[in-house]
Amino acid sequence: MKAEKMGFNKMNVPCAACFFRMKTALARINTDDEIAEEVYRIIGGKPVDDIHVVHERKARYVDEKKCTGCGECAEKCPVLVSSEYNTGLAEEKAISRRYLQAVPSAFAIRKDGRSPCRAACPAEQRAQGYIAVISEKRFEDAYRTIVRENPFPSVCGRVCKHYCEEECTRGRVDEPVSIMKLKQFVSDWVYANNVTITEKNITFEEETGVKGIKPVAIIGSGPAGLAAARDLAQMGHRVTVFESLPFAGGMMRVGVPLFRLPWKRLDWDIENILDGNIELKTNTRIESIHKLFEEGFGAVFIATGAHKRKKLPIPGSDLPQVLIGTEMLRSIALSKEISLGKNVLVLGGGNVAMDVARTALREDAESVKIACLESREKLPADPWKVSSGEKEDITILPSKSFLEIVSTEGRLEGVRCIDIFSKDSMRTGARKSRKSKVQNAY
Ligand code: SF4
Ligand code: SF4
C-alpha cells in the first residue's frame, strides 16, 4: 500500500501497479466518469481473490471524456500544492494526475474548499485563480479566467464594493490582496492591447438540428440582464435584450459617474458579451409581457433594476431643490438640464453619497458638504473615495442625524441636524448634551 502511495519503489520501478490498477479499474465500474477514485483501504486478501477495496470518490473537475492525459494543463497551471502521494515531501501542480499509475490517466484538480474571497463575492469570482495567472504575467489568460464568472471586469475592477477584500485571509497578516485593482489592471491591459476575447456561441439548433426552440426575452440591459443574456447564449439559447434607454448598461451607465467608469470601458465589456446569439434592442420600452409571449418568446426575464429611490421621511424632503442622489446621477448621464446651485449638502456617507458629492463639484457647485450619521472613522464609503473627496475640498460633517429640511418661502435654508454621540463619548463624559441646529449648507 505504501509503495502504491509513493508511486515507485526504491528501485524506481512502478510497484504493485498491476494489482492496484486492476482493483481501481474494477472499483470504477458503474461510477460517474467525472469522479476521481482513490484507493483508501484494502481489506482481506485471504484467500487471495477475497479482497475488498475501500475507495474514496472525489470530484475531478475535468471532463474525463475530453482529457487525453497529455499534461499540458499541468505545465500551464500556476498553483503548487503539496503532493499527497509524496506524503507532503514534494509539491505538485493543483491540476495533476492523481498518481502515476492512476486509472484512468485523466487529470484532476485538487481543491481545498472554497476561498473566503470567492465566498464573499456576489459573482463567486475565483480571485485566487486570476491572481495566480497574473503572477506569471499571463494577462490575457487572467482576463479569460475573470470573464468565466464575471462578464464585467472593467466595471468591477473600478466600482465594485469588493467584499472579497474584506474577507481576504491575507488581511490577517498585513493587508488584503488588491483583488479589485488587479481586475482593473488586467482589463486595462487587455483593452490597451486590443485583445479580442469574444467567442461565438453556437445555438441548440446549430448543435442538435432540433428546430423550434423558442428564444428568451430579457427586459433591461443592466448587469443582471446582460449577465443572464451571456449565460443563456453560452448555453445555446437565442436571446433578445430590450432596453428603454438609448444605450445598454443600466445602472452601470446612468448610476456611476463618468470619472469613475468611462463609457468606452463599459462599452468594451458589453461588446465582449454580445455575440450572434444575443440581439440588443435599445430605445425599446416593453409595456406588456403577454405580448412578448405572443411574439414567440418562450421565457421572459425581467431585469429592470432598482432605479427608483425613496426620499428621506423628514419634513421638507419634497421641496423641488431636494434631489435623490441616483436620480441626479442619472439626469447628468442622460445630459438632462439640472441646476444644483452654488452650495450643495449631500446627506449620507456611502459610496453613492461620495459619487454625488464629487459629481456636484464637477457640475456648477462651488461648495459641497457631506453630512452623515456615522463618525468620520466609520464612514461606509471606501476610504480612498473619502480621501479623494476631501482632497477635492469636500467637507465631511460626521455624526449627524437629519430632522428637517428648512426653507423660507420656498427658498432652501439648510438642514436641521442633531449631533449623534457614540456610547463611548457619552460614557466618558466628553459630551453630555445633544444640540439641535440648522446646518447652513445653502
Ligand atoms: S472586486 Fe467585486 S467582483 Fe471582483 S472578486 Fe471582489 S467582490 Fe467579486
Ligand atoms: S489570500 Fe485572499 S485573495 Fe488569496 S485566496 Fe485567500 S482570500 Fe482569496
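Please read these numbers as outputs of a predicted model, since none were measured by experiment.

Trainee: Even after reading the chapter, I still don't get the site of ligand 2, so can you show me in this structure?
Mentor: The local shell around ligand 2 consists of Ser 115, Pro 116, Cys 117, Gln 128, Cys 168, Thr 169 and Ile 179. Taken together, the residues that form the shell around ligand 2 break down as 4 nonpolar, 3 polar and no charged.

Trainee: Would you explain the sheet that holds strand β11 (residues 343-347) in this entry?
Mentor: The pairing of strands in a sheet happens through backbone hydrogen bonds and is either parallel or antiparallel. One open sheet accounts for 3 strands, arranged β11-β12-β13; its pairing is parallel. Of all strands in the sheet, those bounded by a partner on one side alone are β11 and β13 (395-397). The average angle at which neighbouring strand axes cross in this sheet is 25°, direction not considered. Where strand β12 (residues 367-371) lies against β13, 3 bridges are found, and the strand directions are parallel. Bridging across to β13, Ala 371 finds its partner in Leu 397. Strands β11, β12 and β13 of the sheet are contacted by helix α16 (residues 351-362), whose axis makes an angle of about 170° with β12.

Trainee: Honestly, the layout of surface pockets in this entry has me stumped. Any pointers?
Mentor: Considering only enclosed or pocket space, the largest pocket measures out at about 1,300 Å³ in volume. Around the largest pocket, the lining comprises 29 residues; the ones closest to its centre are Val 79, Ile 109, Arg 126, Gly 129 and Arg 148. At the level of elements, α3 (72-76), β3 (80-82), α5 (127-134) and α6 (139-149) are the ones that each hand at least two residues to the lining of the largest pocket. At 5 residues, α6 tops the list of elements feeding residues into the lining of the largest pocket. Residues lining the lining of the largest pocket come from more than one domain, with at least three contributed by each of domain 1 (2-73 + 94-109) and domain 2 (116-192).

Trainee: What is the right way to look at the confidence of the model for the chain in this model?
Mentor: In low-pLDDT regions, the fine details of the predicted coordinates are not to be read closely. Mean pLDDT over the chain stands at 84; residues scoring 70 or higher make up 83%. Across residues 1-14, confidence stays below pLDDT 50; counting only partners more than four residues off in sequence or on other chains, it has 22 contacts. Every residue in residues 29-34 is under pLDDT 50, and counting partners more than four places away or in other chains gives 11 contacts.

Trainee: Honestly, the packing of aromatic side chains in this entry has me stumped. Any pointers?
Mentor: Any pair of aromatic rings gets described here by the distance separating the centres and the angle formed by the planes. Using the criterion set out here, one finds 5 aromatic pairs in the structure. Ring geometry for Phe 139 versus Phe 185: centroids 5.0 Å apart, planes at 90°, classification edge-to-face. With a gap of 46 residues between them, Phe 139 in helix α6 and Phe 185 in helix α9 (residues 179-192) connect regions that are remote in the sequence. For Phe 185, a relative accessible area of 36% gives the class partly exposed. Here a set of aromatic residues connected by ring pairs shows up, and it is made of Phe 139, Phe 185 and Trp 189. The ring centre of Tyr 191 lies 4.2 Å from the NZ or CZ of Arg 265, which sits over that ring. It is Arg 362 that lies over the ring of Phe 259; its NZ or CZ is 3.9 Å from the centre.

Trainee: I keep staring at unusual backbone geometry and nothing clicks. Help me out?
Mentor: Keep in mind that most residues, glycine aside, have a negative phi and that most peptide bonds are trans. The backbone of Tyr 61 sits at a positive phi, close to 60°, despite the residue not being glycine. Positionally, Tyr 61 belongs in the loop between β2 (51-59) and α3. Within the chain, Ser 399 stands out as a residue other than glycine whose phi angle is a positive 55°. By secondary structure assignment, the location of Ser 399 is in the loop between β13 and β14 (400-408).

Trainee: Looking at this structure, I do not really get the nonpolar core. What am I missing?
Mentor: Soluble globular proteins: nonpolar side chains tend toward being buried together. In terms of nonpolar packing, the biggest core is built from 20 residues, with Phe 152, Ile 218, Val 239 and Ile 278 touching the most fellow members. Looking at this core, the elements that each hand over two or more residues are α7 (153-159), β7 (216-219), α11 (223-234), β8 (239-242) and α13 (263-273). For this core, the element with the highest residue contribution is α11, accounting for 5 residues. Shared between two domains, this core takes at least three residues from each, and those domains are domain 2 (116-192) and domain 3 (204-302). Not counting chain neighbours up to four residues away, the residues in contact with Val 239 comprise Val 216, Ile 218, Ala 229, Leu 232, Ala 233, Asn 277, Ile 278 and Glu 279. If you look at the next biggest cluster of nonpolar residues, it comprises 19 residues, including Met 328, Ala 365, Val 386 and Ile 394.

What counts and how
Residues numbered from 1 in each chain as written. Chains lettered and ligands numbered in written order. Predicted model: local features only at pLDDT ≥ 70, side-chain atom pairs only at ≥ 80, totals over all residues. Heavy atoms only, no water. Near = heavy atom within 4 Å. Nonpolar A, V, L, I, M, F, W, Y, C, P; charged D, E, K, R; others polar. Pairing = 2+ DSSP bridges. Helix = DSSP H or I, 4+ residues; strand = E, 2+ residues; numbered from the N terminus. Axes fitted to C-alpha atoms, helices over the stretch in contact; angles between N-to-C directions. Contact = heavy atoms within 4.5 Å. 1 Å grid on protein atoms, 1.4 Å probe; cavity = no way out; pocket = protein on both sides within 12 Å on 5 of 7 lines; lining within 4 Å. Points joined across faces, edges and corners; volume = space filled by probe spheres on them. Domains from an automatic or database assignment. pLDDT = per-residue confidence, 0-100. Phe/Tyr/Trp six-rings, centres within 6.5 Å; stacked < 30°, edge-to-face > 60°. Buried < 20%, exposed > 50% of the residue type's maximum accessible area, 1.4 Å probe, protein only. Lys NZ or Arg CZ within 6 Å of the ring centre and 35° of its normal. Core = buried A, V, L, I, M, F, W, Y, C linked by side-chain atoms within 4.5 Å.

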